[in-house]
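# What the coordinates show
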Amino acid sequence: MLNRQDYVYQSSDPKGDERFGKLFAIIICFVFFLGALQVAYETVSGWYQNFMQWSSEMLAFLAGLWPF
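What counts and how
- Residues numbered from 1 in each chain as written.
- Predicted model: local features only at pLDDT ≥ 70, side-chain atom pairs only at ≥ 80, totals over all residues.
- Heavy atoms only, no water.
- Helix = DSSP H or I, 4+ residues; strand = E, 2+ residues; numbered from the N terminus.
- Buried < 20%, exposed > 50% of the residue type's maximum accessible area, 1.4 Å probe, protein only.
- Areas by Shrake-Rupley, 256 points an atom, 1.4 Å probe, with all protein chains shown as cover.
- Salt bridge = Lys/Arg side-chain N within 4 Å of Asp/Glu carboxyl O.
- Expected span 1.5 Å × (residues − 1).

### Notes on the overall build of the chain
On a plain count of helices and strands, the chain comes out with 1 helix and 0 strands. Taking all 68 residues of the chain together, 4% fall into the buried category. Taken as a whole, the chain presents about 7,200 Å² of accessible surface, with 68% of it coming from carbon and sulfur.

Take a look at the structure:
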């Protein structure tokens, strides 16, 4: 039997780890941006729908008061 040492080579790529971290951060920021965009869209859409409902009810009320 040969008396030899087994070496374990552990290669770490700090540049690769850094690139993966940056890519992961960019993906997370993009998802947060899409979430903020969705909240803004739903807010503006809700305001628009509420305004249209209010204006149609106001017109119906004023039309009921208008003497024909």
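### Some words on the pattern of salt bridges
Opposite charge on two side chains allows them to pair when their charged atoms are near. Enumeration according to the criterion identifies 1 salt bridge in this entry. As a salt-bridge pair, K22 and E18 come within 3.5 Å of each other at their nearest N and O atoms. Remark: E18 and K22 occur in helix 1 (residues 14-65); sequence separation between them is 4 residues, near one turn of the helix. With a relative accessible area of 41%, E18 lands in the partly exposed category.

### Notes on helix 1
The end-to-end C-alpha separation of helix 1 is 76 Å, in line with the 76 Å expected for 52 residues at 1.5 Å each. Inspection of helix 1 places G16, S45 and S55 among the buried residues, and these make up the whole buried set.

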